[in-house]
Amino acid sequence: MFDKFSKFLIPIAGKLNNNRYLGVLRDAFMLAFPLTIFGSIMVVLANLPFLDNVMSESLLAGIQESLGPAPNATMNIASVFVVFGIGYYLARSYGVEAVFGGAVALTSFLLLTPFVVSTESGEVVSNVLAVDRLGAKGMFLGMIVAFLSGEIYRFITQKKIVIKMPAGVPPAVSKSFAALIPAVVTLTVFLILNIVVTQVFNTNLHDVIFNTVQAPLVGLGGGLTATLIAVFFIQILWFFGLHGQIIINSVMDPIWNTLSLENLQVYTAGGEVPHIINKQFIEVYLVGAGGTGMTLAVLVAILLFMRSKQMKQVGKLGIGPGIFNVNEPVIFGLPIVMNPLILLPWIIAPMIVTVVSYIAMAIGLVPPPTGVTIPWTVPIFISGFLATNSIAGSLLQLFNVLIVFAIWFPFLKFIDRMNIKQEREAEQKNAAADIKVPKEKI
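Analysis parameters
Sequence order as written defines residue numbering, which begins from 1 separately in each chain. Local features in this predicted model are restricted to residues whose pLDDT is 70 or higher, and side-chain atom pairs enter the listing and the counts only when it is 80 or higher, whereas totals over whole chains, interfaces and linings include all residues. The side-chain numbers reported here are obtained from all heavy atoms of the structure, hydrogens and water having been left aside. The numbering of helices and of strands both runs from the N terminus, where a helix is a DSSP run of H or I of at least 4 residues and a strand a run of E of at least 2. Each residue is placed in one exposure class: buried if its accessible area under a 1.4 Å probe, protein chains only, is under 20% of its type's maximum, exposed if it is over 50%, and partly exposed if it falls in between. Note on definitions: a residue-residue contact is assigned when non-hydrogen atoms from the two residues lie within 4.5 Å. A helix is expected to span 1.5 Å multiplied by its residue count minus one. Between N or O atoms, a polar contact is any pair within 3.5 Å; within protein, one atom must be a potential hydrogen donor and the other a potential acceptor, and residues adjacent in sequence are included only when both atoms are from side chains. In the sections that follow, a salt bridge refers to a side-chain nitrogen of Lys or Arg positioned within 4 Å of a carboxyl oxygen of Asp or Glu. To form a nonpolar core, buried Ala, Val, Leu, Ile, Met, Phe, Trp, Tyr and Cys residues must be joined to one another through side-chain atoms within 4.5 Å. Either an automatic procedure or a domain database provided the assignment from which the domain bounds are taken. UniProt positions are given in the numbering used here, feature names are shortened, and annotations may be inferred rather than shown by experiment. Structural elements are reduced to axes, namely lines fitted to C-alpha atoms, with helices fitted over the stretch in contact, and the angle between N-to-C directions of any two is expressed from 0 to 180 degrees. For classification purposes, angles smaller than 35 degrees are called roughly parallel, those larger than 145 roughly antiparallel, those between 65 and 115 roughly perpendicular, and all remaining angles oblique. Take the far helix as your reference; a near helix turned counterclockwise from it by less than a right angle gives a left-handed crossing, and one turned clockwise gives a right-handed crossing. Note on definitions: the grid is 1 Å and covers protein atoms alone; a cavity is a set of points where a 1.4 Å probe fits but cannot get out; a pocket is an open set with protein on both sides within 12 Å along at least five of seven lines; lining residues have an atom within 4 Å of a point. Grid points are joined across faces, edges and corners, and a volume is the space filled by probe spheres set on the points. Nonpolar residues are Ala, Val, Leu, Ile, Met, Phe, Trp, Tyr, Cys and Pro. Charged residues are Asp, Glu, Lys and Arg, and all others, Gly as well, are polar. Here a Phe, Tyr or Trp ring, Trp counted by its six-membered ring, pairs with any other such ring whose centre lies within 6.5 Å, and the pair is stacked when the planes are under 30 degrees apart, edge-to-face when over 60, and tilted otherwise. Here the quantity called buried area is the total loss of accessible area, with a 1.4 Å probe, experienced by two parts when brought into contact, counted for both.

### Some points on the environment of Ala-178
Reasoning step 1: Mapped onto the secondary structure, Ala-178 falls in helix α9 (residues 171–200).
Reasoning step 2: The exposure class assigned to Ala-178 is partly exposed, which follows from its relative accessible area of 24%.
Reasoning step 3: Discounting chain neighbours no more than four positions away, the residues touching Ala-178 are Val-162 and Ile-163.

Okay, structure coming up:
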């Protein structure tokens, strides 16, 4: 059964993992990571739950206003970084001058962005750019435009339709002239597209893509069913030795990150966050409990209750990295990969935790993640508090660890007994081999 399933699954996973566009998308989101971390830290500091008890209302408002530019300049315009990153990494993957690819992609996106804002009174103000167009609302249009502009730019460049400068010209000048024709052609395409959409159809591509593509996909990806399917395939891929987190996240990250940005924008505005499922839900309540599969509970069970030497060694090697959600020692040391004895808890435990966490947030016991970016290496309890700005988020993590512990324990105990039996048999064989045979007289 495993052979048949692996023959079907591994080629598909390999194609996804090696897909140029998914790899570029993953790298582009990582480009924005350090910037959004900075914005997230400032959001957390400005909204610590005890600040209103230790300082006056006016002082707290002043601090929040002073820290406000941090999320506005990072997380609230994350689409800018993603668009530039896609153009950059796509051009680099083709061997084309990368920085011009990023610049052309960003400019193409801005050409389609309306510089018009409607005030609360209904007045239309021109030459003003709405920040939400550069954040969650413009994410999907930005990704589409970045890939299209990148392909047009690299196609013209690779066809050698460029201006070549003499050998003595400085490299920076030569590269700029070489990028001139590809950039002009690419930007002209998107300018004409914007003219057609705005003048003929009296709308803009931001609203078109948001209503027809982004909103339906985000609604689907933010549901419990789609999340459970994603978690299932992450676990299955890891079982066969493939990095399920990277493969599935390459597909789901655009949706999960968009949900996070929408949550953050509402949260910083003082509203109630709209989405339970987002990037932080996955990383804090699944990956954030010892790594993929939530194996911190497994390590605790091994160290406290298992007696075999092999499992004790795995526990000692894995507990240090496991605290910081790195669990390769467990995955390959226990092992989990291709081990049918623990396939059931490996798949079932994170799926049950997903359902429990979702219900706890849906009924109001725990606040949903606010959208602030939490590095996946932040240890349990701390990450739960930072993600939800509530101690309830930390307590939910600890409850989830107990669930995983209860599911895994009987399977671990069974494997432990098998290992003890094998170790005793090996010791008996070694003891028999060590019996000294009398030397023959010479």
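Picking up where we left off.
### Structural notes on helix α2 (residues 20–46)
Reasoning step 1: Relative to the 39 Å expected for 27 residues at 1.5 Å per residue, α2 spans 39 Å between its end C-alpha atoms, a close match to the ideal helical length.
Reasoning step 2: Where α2 begins, the side chain of Asn-19 points an oxygen toward the backbone nitrogen of Tyr-21, at a separation of 2.9 Å.

### Remarks on the pattern of salt bridges
Reasoning step 1: Throughout the structure, instances matching the rule amount to six salt bridges.
Reasoning step 2: Of the charged contacts in the structure, one is a salt bridge between Arg-133 and Asp-207, with a shortest N-O distance of 2.9 Å. On the criterion of sequence distance, the pair formed by Arg-133 in the loop between β2 (124–126) and α8 (139–158) and Asp-207 in helix α10 (residues 205–221) is long-range, its members being 74 residues apart.
Reasoning step 3: Judged by relative accessible area, which is 11%, Arg-133 ranks as buried.
Reasoning step 4: The exposure class of Asp-207 is partly exposed, given its relative accessible area of 22%.
Reasoning step 5: Here Glu-427 ties to Lys-309 by a salt bridge, and the two come within 3.1 Å at their closest N and O atoms. Placement of Glu-427 in helix α19 (residues 391–433) and of Lys-309 in helix α15 (residues 309–323) is noted, with a sequence separation of 118 residues between them.
Reasoning step 6: Looking at Lys-309, the relative accessible area reads 57%, which means it is exposed.

### Considering the nonpolar core
Reasoning step 1: Judged by nonpolar contacts, the single largest core of 111 residues is most densely connected at Ile-86, Met-143, Leu-334, Ile-336, Trp-346, Trp-408 and Leu-412.
Reasoning step 2: Of the residues that make up this core, three or more belong to each of domain 1 (76–222) and domain 2 (233–434).

### Here we look at the UniProt feature "transmembrane region" (unreviewed entry) in the protein chain
Reasoning step 1: According to UniProt, the feature "transmembrane region" (unreviewed entry) maps to residues 28–50, 70–91, 98–118, 138–156, 177–197, 217–240, 284–306 and 398–415 in the numbering used here.
Reasoning step 2: Secondary structure content for residues 98–118 is 67% helix and 14% strand, and the end C-alpha separation is 36 Å.
Reasoning step 3: Taken end to end, residues 217–240 has its terminal C-alpha atoms 29 Å apart, with 88% of it in helix and 0% in strand.

### Concerning the packing of α8 against α9
Helix packing for two helices is described by the angle between their axes and how far apart those axes are.
Reasoning step 1: Where α8 meets α9, the closest approach of the two axes is 9 Å, and the angle between their N-to-C directions is 140°. By the criterion of interaxial angle, the relationship of α8 to α9 is oblique. Where α8 crosses over α9, the handedness of that crossing is right-handed. Of the residues in α9, those touching α8 at Val-145, Leu-148, Ser-149, Ile-152, Tyr-153, Ile-156 and Thr-157 are Ala-179, Pro-182, Ala-183, Val-185, Thr-186, Val-189 and Phe-190.

### Brief notes about the layout of surface pockets
Reasoning step 1: Estimates place the volume of the largest pocket at around 760 Å³.
Reasoning step 2: Along its surface, the largest pocket is lined by 34 residues, and Met-30, Asn-249, Lys-279, Glu-283 and Trp-376 are the ones closest to its centre.
Reasoning step 3: Mapped by element, the contributors of at least two residues to the lining of the largest pocket are α2, α6 (78–93), α12 (244–268) and α13 (279–287).
Reasoning step 4: With eight residues, α12 is the single largest residue contributor to the lining of the largest pocket.
Reasoning step 5: When the residues that make up the lining of the largest pocket are grouped by side-chain class, the tally is 15 nonpolar, 14 polar and five charged.
Reasoning step 6: Composition of the lining of the largest pocket by domain shows at least three residues from each of domain 1 (76–222) and domain 2 (233–434).
Reasoning step 7: Here the second largest pocket defines a volume of roughly 260 Å³.
Reasoning step 8: What lines the second largest pocket is a set of 16 residues, and nearest its centre among them are Val-96, Thr-157, Lys-160, Val-162 and Ala-178.
Reasoning step 9: Elements supplying a minimum of two residues to the lining of the second largest pocket: α8 and α9.
Reasoning step 10: When residues in the lining of the second largest pocket are grouped by element, the largest group, four residues, is from α9.
Reasoning step 11: Residue composition of the lining of the second largest pocket, by class: eight nonpolar, four polar and four charged.

### Brief notes about the environment of Thr-225
Reasoning step 1: Inspection of the secondary structure assignment puts Thr-225 in helix α11 (residues 224–239).
Reasoning step 2: Separated by 130 residues in the primary sequence, Thr-225 and Val-355 place their C-alpha atoms 9.5 Å from one another.

### Some words on the packing of aromatic side chains
Reasoning step 1: Under the defined criterion, the tally for this structure stands at 10 aromatic pairs.
Reasoning step 2: Aromatic side chains Tyr-88 and Tyr-89 sit 5.2 Å apart centroid to centroid with 85° between the ring planes, which places their arrangement in the edge-to-face category.
Reasoning step 3: On the basis of relative accessible area, Tyr-89 is assigned to the buried category, the value being 17%.
Reasoning step 4: Here the aromatic rings of Phe-405 and Phe-409 are separated by 5.7 Å at their centres, their planes lie at 25°, and the arrangement is stacked. Taken together, the residues Phe-405 and Phe-409, both in helix α19 and four residues apart, mark about one turn of the helix.
Reasoning step 5: Taking relative accessible area as the criterion, Phe-409 reaches 26% and is therefore assigned partly exposed.
Reasoning step 6: Ring-pair connections join several aromatic residues into one group, and the members of that group are Phe-84, Tyr-88 and Tyr-89.

### A few points about the domain arrangement of the protein chain
Note on interface size: it is often stated as the accessible area lost on association of the parts.
Reasoning step 1: Taken as a whole, the protein chain is organised into domain 1 (76–222) and domain 2 (233–434).
Reasoning step 2: Centre-to-centre, using C-alpha coordinates, domain 1 lies 38 Å away from domain 2.
Reasoning step 3: Each partner contributes to the interface: domain 1 provides 14 residues, whereas domain 2 provides 11 residues.
Reasoning step 4: Surface buried jointly by domain 1 and domain 2 totals about 1,000 Å² across both partners, of which 70% is contributed by carbon and sulfur atoms.
Reasoning step 5: Sorting the residues of domain 1 by area buried against domain 2 places Asn-76, Ala-136 and Val-218 first, and these three jointly supply 43% of that buried surface.
Reasoning step 6: Inspection of the domain 1/domain 2 interface yields zero salt bridges.
Reasoning step 7: At the surface where domain 1 touches domain 2, the tally comes to zero residue pairs in polar contact (both at pLDDT 80 or more).
Reasoning step 8: Only α8 and α10 provide two or more residues apiece to the side of domain 1 that touches domain 2.
Reasoning step 9: The element contributing the most residues to the side of domain 1 that touches domain 2 is α10, with five residues.

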